[in-house]
Structure formats: C-alpha cells, structure tokens
Amino acid sequence: MSELVIKNLHVNVEDTEILKGVNLTVRRGEIHAIMGPNGTGKSTLAYALMGHPDYDVTEGEVFFRDENILDLGPDERSHLGLYLAFQYPVAIPGVTVANFLRTAINAHRKAADPEYKGVPIPEFRTMLKERMDHLMMDHSFAGRYLNEGFSGGEKKRAEILQMAVLKPEIAILDETDSGLDIDALRIVSEGVNALRGSEFGALVITHYQRILNYIKPDYVHVMLNGRVVESGGPELALQLEEQGYEWLREKYSSVVA
Ligand code: ADP
Ligand code: MG
C-alpha cells in the first residue's frame, strides 16, 4: 500500500523537542489538511518527513510504501514518491528552472531504472511547456535561475511546477497559499487538483482555511504544540475559520500548557 504512516513522531530542533508524538496516516487518493497556529510544528513535521538533517527524530516511526524511511536520505525519499513544496523555497543561482527539473526527472527515472539514459530534450520541452501553461507561467521562466528574484507567488508556482513534473505519490504542501493573491491561489490549487485521483495523496499544511475552498480536503487535522489534537472533516476547517484556535487551546489546555 502506498501510504504514509506517521507513528508517535518526536522531533528535536537544536535539542528542543518540537514534535511531541505525531500520529497520522495519509493514503493515496486522500487529501489531508493540517492546520494550526504559527510555531506549532507544522513545518517541522514537513522537514522531518522529508529528512532534513537539522530535524532530529528522537522517537517514533515513519513508513512510506511499507518501508521505514527514517534511515533514507531526502533524495531516496523523493525517488520513492514523496514530495515537499517548501514554505520558503530557496534560490539556486546558476541553475535554471529547466535544468533543475530535467536533472530531477532524470534522477527519478534512473533510480527506477539504472539503464535509463536521460529524458530526450524534445519530450522534456513539450512536457515542461504544457505544465507551465497549466500554471499560467510564462515560458521564459524555464530559462531563469531557480527562485532567483522570483516574487513570493512565482516561487510557489515553481514549487507546484516541480510537483507537476515529478508526479509524486504523496505531496506535502507547506503553506503554499501564503503570499498568493486570489488568482494565483486558484491557479496553484488547480495544479494540485489536476493530480488528484487514486494515485495521489497530499498533506496540505495551512494557517488559513481559504485554500481549502479550492483544494477540498477529505480530512482536517489541527496541530497544537507539537501534537495533532483534533481531527475531522472539512467542517472542522470552517469552524476554525469562524472561531479561531482559542477553543482548542482551552479544550486541550493540559497538553498545550
Ligand atoms: P509552524 O510551521 O507551525 O509555524 P515550525 O515548525 O516552523 O512551526 O516551528 C516550530 C517551533 O520550532 C518554533 O518554536 C520554531 O522557532 C522552532 N524551529 C523550527 N525550525 C527551527 C530551526 N531550524 N532552528 C531553530 N528553531 C526552529
Ligand atoms: Mg511553517
């Protein structure tokens, strides 16, 4: 089964415990939203799942496609079909968007087939243009250095472009909605919805309910103080939109203290 199973995950950052036992299962075909106040550990969860070396897993397990992935490097997790769209994408001066994406595709295909010789340029160009058109990105983007001088919205589109090209089985989107105006939000959401189906699952991390109007989640979870404290359906996101997080802080005051 292609599922991401997170069991009792504890993560330290610089010797401070940030995640305090997260449990969550995301199956392909399902969209899960994770909401929560700032500083609650949402990005920490995303980084830890992807294998960032600064995020120290002290307890718990993470399975993906029946494999314990905690001993795998970020590249190996990516080859298995996990993808993270960063909250704060970094610039890579000197590497164009096109070169970056072609290298990523080739790395993926070579991991699956060591004999693979590399994606033919015409096939790559056609695919890239088609995906960029979907995301309403000017074709000149392909020749620009990755994220160098990109606006906030352009960076988020570039993250979704990478996802559209790599077609992961499970994608983690960390506040992909932040910094997007309503038109960009709609376009980016369509990019995610285009992948939706039985082969694709996602963990949509967001502070605001707004993106969930476009990417309709099957499940909504709330994180407080390093734990998932409440889970429900889409109605939970609407309740948070109306009432904020305070009622949950009170309800779970013993864990949040
Ligand atoms: P969220 O994404 O929910 O806003 P984060 O996971 O970014 O929360 O942060 C959770 C806590 O971990 C915060 O107190 C933050 O200061 C701390 N933290 C996260 N990443 C780092 C880091 N690289 N170095 C130091 N502290 C960090
Ligand atoms: Mg964050």
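Structure shown above.
Described below are features of the structure shown in this document. The structure presented is a predicted model; accordingly, all values stated were derived computationally and were not measured.

**Here's the deal with the pattern of salt bridges**
Part 1 of the argument: According to the stated counting rule, one finds 11 salt bridges in the structure shown.
Part 2 of the argument: For the salt bridge of E30 with R27, the shortest nitrogen-to-oxygen distance reads 3.4 Å.
Part 3 of the argument: On the accessibility criterion, E30 (13% relative accessible area) is buried.
Part 4 of the argument: In this structure, E169 engages R28 in a salt bridge whose closest nitrogen and oxygen atoms are separated by 3.8 Å. Pair noted here: E169 is in the loop between α5 (152-166) and β9 (170-174) and R28 is in the loop between β2 (16-27) and β3 (31-35), with a separation of 141 residues, a long-range link.
Part 5 of the argument: Its relative accessible area of 27% is what places R28 among the partly exposed residues.
Part 6 of the argument: One connected set of salt bridges, linked through shared partners, spans R28, R65, E169 and E199.

**Observations concerning the environment of E154**
Part 1 of the argument: Relative to the helices and strands, E154 is located in helix α5.
Part 2 of the argument: For the pair E154 and V62, spaced 92 residues apart in the sequence, the C-alpha separation amounts to 32 Å.
Part 3 of the argument: Aside from chain neighbours lying at most four places away, what touches E154 is F141, R144 and G149.

**Brief notes about the coordination of the magnesium ion (ligand 2)**
Tetrahedral coordination by four donors places them ideally at 109.5 degrees to one another around the metal; octahedral coordination by six donors ideally gives 90 or 180 degrees.
Part 1 of the argument: Around the magnesium ion (ligand 2), the protein contributes the donor atoms S43 (OG) and Q87 (OE1), which lie 2.1 to 2.3 Å from the metal centre. Pair noted here: S43 is in helix α1 (residues 42-50) and Q87 is in the loop between β6 (82-85) and β7 (92-96), with a separation of 44 residues, a long-range link.

**Let's talk about the site of ligand 1**
Part 1 of the argument: Neighbouring residues of ligand 1: V13, E14, I18, P37, N38, G39, T40, G41, K42, S43, T44 and Y55.
Part 2 of the argument: Contacts to ligand 1 include G39, whose backbone N or O atom sits 2.7 Å from an oxygen atom.
Part 3 of the argument: A distance of 3.1 Å separates an oxygen atom of ligand 1 from a polar atom in the backbone of G41.
Part 4 of the argument: A per-element tally of the shell around ligand 1 places α1 first, with three residues.
Part 5 of the argument: A class-by-class count of the residues in the shell around ligand 1 yields four nonpolar, six polar and two charged.

**Let's talk about the pairing of β9**
Part 1 of the argument: Most of β9 is tucked away: five of the five residues are buried.
Part 2 of the argument: Every second residue of β9 is oriented toward a common face, with I170, I172 and D174 on one face and A171 and L173 on the other, all of them buried.
Part 3 of the argument: The pairing of β6 with β9 spans four bridges and is parallel. Bridge pairing in β9 places L82 opposite I170.
Part 4 of the argument: In this view, the connection linking β9 to its parallel neighbour strand β10 (residues 201-206) by way of helix α6 (residues 182-195) has right-handed handedness.

**Some details on the nonpolar core**
Part 1 of the argument: Judged by nonpolar contacts, the single largest core of 52 residues is most densely connected at F124, L128, L161, M163, L173, F200 and V204.
Part 2 of the argument: Look past the residues within four positions of L128 in its chain and what remains in contact with it is A98, L101, A142, L161 and V165.
Part 3 of the argument: Among the nonpolar cores identified, the runner-up in size contains 28 residues, and V11, L45, L82 and I172 belong to it.

**Structural notes on the sheet that holds β9**
Part 1 of the argument: Strand order in the open sheet made by the six strands is β6-β9-β10-β3-β11-β12, with mixed pairing throughout. Looking at the sheet topology across the chains shown, the edges are occupied by β6 and β12 (227-232). This sheet shows a mean twist of 20° between the axes of neighbouring strands, independent of strand direction.
Part 2 of the argument: As defined by bridge partners, β3 adjoins β10 across five bridges and the pair is classed as parallel. Bridge assignment links I34 to a residue of β10, and that residue is I205.
Part 3 of the argument: Packed on one face of the sheet, α5 meets β6 and β9 and runs near 170° to β6.

Reading the values: rules and limits
- Residues numbered from 1 in each chain as written.
- Chains lettered and ligands numbered in written order.
- Predicted model: local features only at pLDDT ≥ 70, side-chain atom pairs only at ≥ 80, totals over all residues.
- Heavy atoms only, no water.
- Salt bridge = Lys/Arg side-chain N within 4 Å of Asp/Glu carboxyl O.
- Buried < 20%, exposed > 50% of the residue type's maximum accessible area, 1.4 Å probe, protein only.
- Helix = DSSP H or I, 4+ residues; strand = E, 2+ residues; numbered from the N terminus.
- Contact = heavy atoms within 4.5 Å.
- Donors = N, O, S within 2.8 Å, 3.2 Å for Na, K, Ca; no water.
- Near = heavy atom within 4 Å.
- Polar contact = N/O pair within 3.5 Å; in protein donor to acceptor, adjacent residues only side chain to side chain.
- Nonpolar A, V, L, I, M, F, W, Y, C, P; charged D, E, K, R; others polar.
- Pairing = 2+ DSSP bridges.
- Right-handed = clockwise from strand over helix to strand, strands pointing away.
- Core = buried A, V, L, I, M, F, W, Y, C linked by side-chain atoms within 4.5 Å.
- Axes fitted to C-alpha atoms, helices over the stretch in contact; angles between N-to-C directions.

By themselves, these are just geometric observations and shouldn't be taken as functional.
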